[in-house]
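Observations on the model geometry
These are the residues of each chain, in order.
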Amino acid sequence: MNYKNYYEILLFIAIFNLTFQKLLFVNVHFRHGARGSLYIDKENRDLLGHEWEKRGILTSKGKRQVFLNGIKHRERYSNFLSNKYYEDEIKVYSTDSYRAISSLECYLNGLYHNNNINENIIEKNETVYPPGNVTQIMKEKINQLGKNAIPKDNHIIPINIFQKSEHQFVLHEPGKISDCQIINEIREKNVINYNINIMAKNFMEKYSSRLNNFFNLNNITLNSDFNYSYNQLHLLCDTLYSDFTDKRDLSNLTKELNFDEFFNDCQNILTNLLSDYVSGDKDTIIMSQSPVMKKLINWMDKRIELDKKGQGDKISAGSPKYTVWSGHDSSISTFEMFMKYIFNTKWLFPSFSTTILFELHKNDEKNLYEIKYLLNDETLLTINYDEFKRKVMEIIWNEEKIENFCQFSIIHTDKINKLNTKIKKYRTIIFILTVIIISSLFYNIYNSLKRRKKMKDI
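In short, a report on the structure. (Residues numbered from 1 in each chain as written. Predicted model: local features only at pLDDT ≥ 70, side-chain atom pairs only at ≥ 80, totals over all residues. Heavy atoms only, no water.)

Quick word on the overall build of the protein
A count of helical and extended segments in the protein gives 14 helices and seven strands. Sequence-distant contacts in the protein: of pairs separated by 6 or more residues, those separated by 24 or more amount to 72%. Carbon and sulfur atoms make up 51% of the accessible area of the protein, which totals about 25,700 Å². (Helix = DSSP H or I, 4+ residues; strand = E, 2+ residues; numbered from the N terminus. Contact = heavy atoms within 4.5 Å. Areas by Shrake-Rupley, 256 points an atom, 1.4 Å probe, with all protein chains shown as cover.)

Quick look at the pattern of salt bridges
Here the structure, examined in full by the defined rule, presents 19 salt bridges. Notably, a salt bridge pairs Lys-309 with Glu-305, separated by 3.7 Å at the nearest N-O pair. Given a relative accessible area of 56%, Lys-309 falls into the exposed group. Salt bridges sharing common partners tie together Lys-22, Asp-307, Lys-362 and Asp-364. (Salt bridge = Lys/Arg side-chain N within 4 Å of Asp/Glu carboxyl O. Buried < 20%, exposed > 50% of the residue type's maximum accessible area, 1.4 Å probe, protein only.)

Topic: helix H9 (residues 282-308)
Between the first and last C-alpha of H9 there are 36 Å, a value that for 27 residues agrees with the 39 Å anticipated at 1.5 Å per step. Remark: the principal bend of H9, roughly 40°, maps to Ser-290, with a proline, Pro-291, within the next four residues. Among the residues of H9, the N-terminal cap falls to Asp-281, whose side-chain oxygen and the backbone nitrogen of Asp-283 are separated by 3.4 Å. Where H9 terminates, the next one or two residues include Gly-310, which has phi positive at roughly 80°. (Expected span 1.5 Å × (residues − 1). Bend = angle between axes of the 7 residues up to and from the residue. Polar contact = N/O pair within 3.5 Å; in protein donor to acceptor, adjacent residues only side chain to side chain.)

Considerations on the packing of H9 against helix H12 (residues 399-406)
Close contact between H9 and H12 brings their axes to 10 Å; oriented N to C, the two are set at 135°. Put simply, H9 runs oblique to H12. By crossing handedness, the relation of H9 to H12 is classed as left-handed. Taking contact as the criterion, the partners of Asp-283, Thr-284, Met-287, Ser-290 and Pro-291 in H9 are, on H12, Ile-402, Phe-405 and Cys-406. Partitioned by chemical class, the residues of the contact of H9 with H12 number five nonpolar, two polar and one charged. (Axes fitted to C-alpha atoms, helices over the stretch in contact; angles between N-to-C directions. Parallel < 35°, antiparallel > 145°, perpendicular 65-115°, else oblique. Left-handed = near helix turned anticlockwise from the far one by under 90°. Nonpolar A, V, L, I, M, F, W, Y, C, P; charged D, E, K, R; others polar.)

Structural notes on the nonpolar core
Grouped together as the largest cluster of nonpolar side chains are 63 residues, with contacts concentrated most on Phe-203, Phe-358 and Phe-388. A per-element tally of this core places helix H8 (residues 259-278) first, with nine residues. Those residues within four positions of Phe-203 in sequence are excluded, and the remaining contacts are Leu-233, Leu-236, Cys-237, Phe-262, Asp-265, Cys-266 and Ile-269. In this structure, Val-26, Tyr-85, Cys-106 and Tyr-107 belong to the second largest nonpolar core, which totals 22 residues. (Core = buried A, V, L, I, M, F, W, Y, C linked by side-chain atoms within 4.5 Å.)

Below, the structure is given as C-alpha cells:
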C-alpha cells in the first residue's frame, strides 16, 4: 500500500472518530510552576549561594509555564469552554500556598487571555467611590474606565482554598495533611524507607568530598531518624533542581564533577523520595484520593445526566463543566499512583507545571461515555466510563473508613485534653486575672456614679 494513502486513511479515521465524540467534562490538575529553593538562609541565599526573593517563591519562569499551559488549554477546549467567565461553568481550587495560588492565577490569565470576562457595566457612568477621601487619581481613573466597573481584561475569578485540615479535598495531598498523623508513622515503618536511606548514603559518599568547596555538606548528616535524612537530602537536590530550572549559573560545579551525572543522581533522589516515600503506601494513596475521586465521579454523573436529557452543554449550578486544581508534586504524584494501582498506567516524576487531564466524552457512534486520562498531553488511558466508575468505586474508602484510618476522633479528643491540661495549669492565674478585671470594672463604675452624684449636688 502507498504510504501516502495509508496516512490519508488514518487521518480520515481520526476525523471520523472525532465527529462522533462530544466533550462533556474536563478536570485539570497541575503542579505549580517553577519556584525558588525551599532552603534559604537569613540572607535569602540557597545552598549554592544564589539569592532568592523568598523561600519557595514562584519565579518569573514558573509564571510563564502555567500561563502558557492556560493558553494551550484555551486552544484545546475553545469549542467547549465559554470565552466569558461563568461561575457555574468553571470551578477552581488551590492549596493554601502562595506558589499554588499564584500559579492558578497565571493559568486563568492564559485560559481567558484577550477576553474581557469582567463585563460588569456601570450603566449611567456613575461615580461610585469608596468611603473616605476621593483623590485626583481616582477621578482620572473613573474617566478612563468609562462604563466598565474595572479595566478590561482584568480577570477576577473566585479561588477555593484547601485548608490543611479540611477533610473533603486536601486529602489528595498527603504532605499537607495536618490532622492525619498516622501517615508519617506508616511511612517510617515502610520497608522502602530503608532502601532510600541506603541510596542516600551512597549518594553522600560519592559526592560529599567534591562538593564541600561549594556548600557545607557537614550539616547534612544521615542518621537513624529517617525523616531527618529525607529532609536533608531533599533540600540539597531540590536546591540544585530549582537553580537549574531557573537557569542560574552552575558552571562552578563542573570543575569538581560531571554535572550531568550529578544532576541525574539528584533527579533519582527526588524521584525515589517522592514515588517511594510520599506515594509508596497503597492504603495512604487510596485514602487520600477517595474524597477527590468521589467528587470527580459525582460531577461527571451530573454531566451525563444532563446529556441524557439533551442538555449536555447546559451550565448548571453544582455541575461544573471545567474544574481546575493547583497543587504540588505530592498532589500530582498521589493522583498518578492512584491511577497506577487501579489501571496500571505509568508514573512520571511531576516536574514543575506537570499537568493531568481527565476528560469525559460521549461517543455517539457507540452510544456510550468514555474517560480519557492524559499526563502532560500524552493519553495514558481511554476507558468506558461505567467500567472506570465501577473500578474506582470498588477501591475508594468511605468517610467512616477514612475517619478510622486517620483516627481523627482520637486526635480531636487529644487536642481537647491538651487544651484542658493547659487551662488547669494556668487556672489560678486565669482566676486572679478574672478577679482583677471584674474588680477594676466595678471600681470604675462606682467612681463614675460617685462623680455624677457629686456633680448633681453641685
